[in-house]
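# Per-entry structural report
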Amino acid sequence: MNAENNLEPDPDMVDLPQAEIQSKKQISIVWLVPIAAILIGGWLAYKGLSEKGPMVTITFESAEGLEAGKTLVKYKDVKIGEVESIRFNADLSQVIVRAELFKETEPFLTENTRFWVVRPRVTASGVSGLGTLFSGAYIEMDPGMEGQPARRFKGLETPPVVTAGMPGSEFMLKAKALGSLEVGAPVYYRRIKVGQVIEYKLDENGRSLAIKIFINAPHDKLVRTN
């Protein structure tokens, strides 16, 4: 017999454990792209919903100069929203304007908030809204500082003479006839304009007129009982 057949196995090598070879499964990089897209899409959707502003409904007699998707809502000439849609009401007597406002306006949307359309106008107190000849009509908001929250409003057909935050005081005058006065007519003191007419109506018995005027500060301190 040759020498190779006489060799016996080493007893120290018999009991050694055998290694098991397994192939490790790895996630393909191809799957990371759709997963990242889903996460980013979800974050953008959440961000959009969390920053979405309030939707308001305003009724007007006419939609003259207004256009969905273009007409802006402003406060002090700063954009705070945009008109989303314009449609008629059930009996076609009014137009219903839906506008989305910025989220920051939400605390100021109360039952005392007012909206009106800014267009070129000629009144007793002068000419206003000439800038809209080039930029187009827009909706102005006068915020309501107090009152119950609201989302539906009746738009004013003429701009208010006095807006929120204007310093001054209101006074009521009695007269037998209106004469040449109208809303916006100036009030003078020693030939200085100190206020204007903001409203007038017949009193309860119909024999006289109640004329409401607004006197600007500090001139309102000059108004006394005599």
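Residues numbered from 1 in each chain as written. Predicted model: local features only at pLDDT ≥ 70, side-chain atom pairs only at ≥ 80, totals over all residues. Heavy atoms only, no water.

Attention now moves to the overall build of the protein. A count of helices and strands for the protein gives three helices and 13 strands. For the protein, with 226 residues in total, the buried portion stands at 28%. Taking the intrachain contacts of the protein between residues at least 6 apart in sequence as the baseline, contacts between residues at least 24 apart amount to 62%. (Helix = DSSP H or I, 4+ residues; strand = E, 2+ residues; numbered from the N terminus. Buried < 20%, exposed > 50% of the residue type's maximum accessible area, 1.4 Å probe, protein only. Contact = heavy atoms within 4.5 Å.)

Attention now goes to the packing of aromatic side chains. Going through the model one piece at a time under the given rule, you end up with one aromatic pair. Over the ring of Tyr138 we find Lys74, and its NZ or CZ is 4.6 Å from the ring centre. (Phe/Tyr/Trp six-rings, centres within 6.5 Å; stacked < 30°, edge-to-face > 60°. Lys NZ or Arg CZ within 6 Å of the ring centre and 35° of its normal.)

This paragraph deals with the pattern of salt bridges. Oppositely charged side chains can pair when the atoms bearing their charge come close. In total, this model carries 10 salt bridges according to the counting rule given. Taken together, the shared-partner salt bridges in this structure form one network comprising Glu170, Glu199 and Lys212. (Salt bridge = Lys/Arg side-chain N within 4 Å of Asp/Glu carboxyl O.)

With antiparallel pairing, four strands are arranged side by side in an open sheet as 10-13-12-11. A single partner strand is all that each edge strand has here, and the edge strands are strand 10 (168-175) and strand 11 (186-189). On average, each strand axis in the sheet is inclined to that of its neighbour by 35°, with strand direction left out of account. Sheet topology note: the strand 11/strand 12 (residues 192-202) ladder contains four bridges and is antiparallel. Each residue of the ladder has a partner; that of Tyr189, found in strand 12, is Ile192. (Pairing = 2+ DSSP bridges. Axes fitted to C-alpha atoms, helices over the stretch in contact; angles between N-to-C directions.)

Our focus in this paragraph is the environment of Ala177. Mapped onto the elements of the fold, Ala177 is located in the loop between strand 10 and strand 11. According to the relative accessible area criterion, Ala177 is exposed, its value standing at 55%. Sequence separation between Ala177 and Ser208 is 31 residues; the distance between their C-alpha atoms is 6.8 Å.

This paragraph deals with the sheet that holds strand 8 (residues 138-142). Two modes of strand pairing occur in sheets, parallel and antiparallel, and in both the strands are linked by backbone hydrogen bonds. With mixed pairing, the seven strands of this open sheet are ordered in space as 5-8-2-3-4-1-9. The open sheet terminates on both sides in strands that have one partner only, identified here as strand 5 (114-118) and strand 9 (152-154). On average, each strand axis in the sheet is inclined to that of its neighbour by 30°, with strand direction left out of account. Across seven bridges, strand 3 (residues 78-88) lies against strand 4 (residues 95-101) in antiparallel orientation. By the bridge assignment, Ser85 is partnered in strand 4 with Arg98.

The next subject is unusual backbone geometry. Note that the residue after Ala217, namely Pro218, is joined by a cis bond; omega there is 5°. In this fold, Pro218 is placed in the segment after strand 13 (209-216). One non-glycine residue with positive phi stands out, namely Lys76, at about 55°. Structurally, Lys76 can be placed in the loop between strand 2 (72-75) and strand 3.

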